[in-house]
Amino acid sequence: MNSLQVSLAASGALSVASTVVLAITQAPLGSPVFFACAGVQTIAYGFVLWRFSREHLLQRRILIAALLISVAIRAPLAGPRAGSDSDMARYLWDGRVQTLGYSPYDVVPADPALAATHTDETRGMPSARTRTPYPPGAQLFFRLVVSIRDSIRAMKAALVACDLMTILILWRWLALTGRPEWLVLTYAWNPLVVLEIAHSGHLDALGAMWIAASAYWLARRRTALASIAYVLAVATKLLPIVLLPLYWRRVRLRDGAAGATLLALLYLAYTRHGALPFGNVPNVVEHIRFNGPLFRLVAGFSASQAAAIAAVGLGLAAAAWARWRLDINNPAAWVWPMGLALAAAPVIYPWYLLYLTPFLFTQATLPIALWTITVIPVYIVWPLASGGARWVVPGSVMRWEYGIPLVVGLYLAWRAYVSTSVGGAGLRRTQPNPVEPSRTL
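Rules used throughout
- Residues take numbers from 1 onward in each chain, read along the sequence in its written order.
- Totals for whole chains, interfaces and linings use every residue, but because this is a predicted model, local features are given only for residues with pLDDT of at least 70 and side-chain atom pairs only at 80 or more, for both listing and counting.
- Each side-chain value is derived from all of the structure's non-hydrogen atoms; neither hydrogens nor water enter the calculation.
- Here, nonpolar core refers to any group of buried Ala, Val, Leu, Ile, Met, Phe, Trp, Tyr and Cys residues whose side-chain atoms link them within 4.5 Å.
- Relative accessibility under 20% of the residue-type maximum defines a buried residue, over 50% an exposed one, and the middle range a partly exposed one, all with a 1.4 Å probe and only protein chains included.
- Numbering of helices and strands starts at the N terminus; helices are DSSP runs of H or I of at least 4 residues and strands are runs of E of at least 2.
- Should any heavy atoms of two residues lie within 4.5 Å, those residues are counted as being in contact.
- Pairing of aromatic rings covers Phe, Tyr and Trp, the last counted by its six-membered ring, and requires centre-to-centre distances within 6.5 Å; plane angles under 30 degrees mean stacked, over 60 mean edge-to-face, and any other angle means tilted.
- When the NZ atom of lysine or the CZ atom of arginine is within 6 Å of a ring's centre and also within 35 degrees of its normal, the charge is said to sit over that ring.
- By this rule the span expected of a helix is its residue count minus one, scaled by 1.5 Å.
- Arc definition: directions from the helix axis to the C-beta atoms.
- Think of a salt bridge as a Lys or Arg side-chain nitrogen and an Asp or Glu carboxyl oxygen that are within 4 Å of each other.

(A) Fine view of the nonpolar core. Phe 141, Met 155, Leu 185 and Trp 334 are the most contacted members of the largest nonpolar core, which totals 118 residues. At 13 residues, the largest contribution of residues to this core is made by helix 6 (residues 152–176). In this structure Leu 185 touches Tyr 45, Val 48, Leu 49, Phe 52, Leu 63, Ala 66, Leu 67 and Asn 190, once residues within four positions along its chain are discounted. In this structure, Phe 295, Ala 299, Ala 307 and Ala 308 belong to the second largest nonpolar core, which totals five residues.

Below, the structure is given as structure tokens:
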């Protein structure tokens, strides 16, 4: 075995061992065991990326081995049964009531009249007294999974399948755009991805798959498929709506119209009495706050709705700039609009960053890649809250979470500015002085 193979085997063994420990101990989120396992995965992740980046001639079989190890990392977490306090319990119940003829937007799980719609897996679900916040695209996914098998384990298996499909899509996108294929490991080995999908089973895996598929199809100029995938991403969670400017004049008019029609049909299918199915989203904007210091700052000078509009406007402005200045195959064009909009959101749970994770493989996306690591300590809130503390991220944790990506981002921006300034000055020195018009006569 050469040094790369040894490095890969050692890192893979550590990562698999960490997920095996999580699966066997069923360590609660934010516990010392949880953080220790996440730390091991982070070290292995960074080491593997560093080691692969130093290889000039990478054998394909080693890359395939690394991808197989990424599957092995997920396997121990995908099997164990999740508790009823998991968000997947809500996914399951939303899908189940649809098969029973109810709209998930019209009912709440805690309603005594709906006691018969529960099983042991859903009776203890979180947020049982609130309406569903999940858009129609997510609801169709829930219904499809429940129609196949009504269990939390099946729901997690479906989300892990989306995760694995994202790996495949990203791999093909990298090959299509001429980038090193080993960069797929930036997603496949990312600790946040492993923890939030294989371990916790969050819906954002579905949205990440759709937005990665849209980028891939757009690179292939299959604009009808790109439009459909984009609409399904937006209909899963609303975050990628800020990417709309990227599609301007890159998608044929009829394909864009088909996508808009699909989105309208998805929402109309759940519309009752003329009310669009926004569920609990307005309540979240108005009343719920978690790990969103920028939103809190803006809302302190204005209404909550204005702060939400500002967050969306920030993402749209970034996407418009990216449409003007960046190639569609540049991952920064995809990740920064969503990243900025998310950073200005009222609620930022760690799994919300999953939408960003397929695009974190260039220097320009390094600050957000770091954010996917620095956000993991936010889970300290879970054990603190169980001990009676408020559901608030400690200031020291938040400073590290946002401070590290911000400092790195500012440093990269400064380097880019200096490089541009020096390059521009060099060009000016090497070019002849222009002749004044009066002297040409």
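(B) View of the packing of aromatic side chains. In total, this model carries 27 aromatic pairs according to the counting rule given. Centre to centre, the rings of Phe 47 and Trp 50 are 5.8 Å apart; their planes meet at 35°, and the pair counts as tilted. Pair noted here: Phe 47 and Trp 50 are both in helix 2 (residues 32–53), with a separation of three residues, about one helical turn. Members of the aromatic cluster, connected to one another through ring pairs, are Phe 34, Phe 35, Phe 290, Tyr 349, Trp 351, Tyr 352, Tyr 379, Trp 382 and Trp 391. Between the NZ or CZ atom of Arg 325 and the centre of the ring of Trp 324, over which it lies, the distance is 5.2 Å.

(C) Geometry of the side chain of Thr 166. Inspection of the secondary structure puts Thr 166 in helix 6. A relative accessible area of 0% places Thr 166 in the buried class. Apart from the residues within four sequence positions on either side, Thr 166 is in contact with Tyr 187, Ala 205, Ala 208, Met 209, Ala 212 and Pro 358.

(D) Region of the structure containing helix 11 (residues 253–268). For helix 11, spanning 16 residues, the distance from its first C-alpha to its last is 22 Å, which sits close to the expected 22 Å at 1.5 Å a residue. For helix 11, the set of buried residues is Asp 255, Gly 259, Leu 266 and Tyr 267. One side of helix 11 holds all its buried residues, which, seen down the axis, span an arc of 115°. Residues Leu 253, Arg 254, Leu 265 and Leu 268 are exposed on helix 11 and point more than 90 degrees away from its buried face. Looking at the packing, one finds that the buried side of helix 11 touches helix 5 (136–148) and helix 10 (223–234).

(E) Representation of the pattern of salt bridges within the structure. Evaluation of the coordinates by the stated rule reveals eight salt bridges. Arg 60 is paired through a salt bridge with Glu 181; the nearest N and O atoms lie 3.1 Å apart. Remark: Glu 181 occurs in the loop between helix 6 and helix 7 (185–188) and Arg 60 occurs in helix 3 (residues 60–78); sequence separation between them is 121 residues. For Arg 60, a relative accessible area of 46% corresponds to the partly exposed category. Under the relative-accessibility criterion, Glu 181 is labelled partly exposed at 22%. With its nearest N and O atoms 2.6 Å apart, the salt bridge here joins Asp 120 to Arg 123. Judged on exposure class, the residue Asp 120 and its partner Arg 123 are both exposed.

(F) Broad picture of unusual backbone geometry. In this structure, Ser 127 is a non-glycine residue whose phi angle is positive, near 55°. Mapping Ser 127 onto the fold places it in the loop between helix 4 (87–99) and helix 5. A positive phi angle, near 60°, is found at Asn 291, a position not held by glycine. Among the structural elements, Asn 291 can be located in the loop between helix 12 (281–287) and helix 13 (293–299). What makes Asn 291 buried here is its relative accessible area of 4%.

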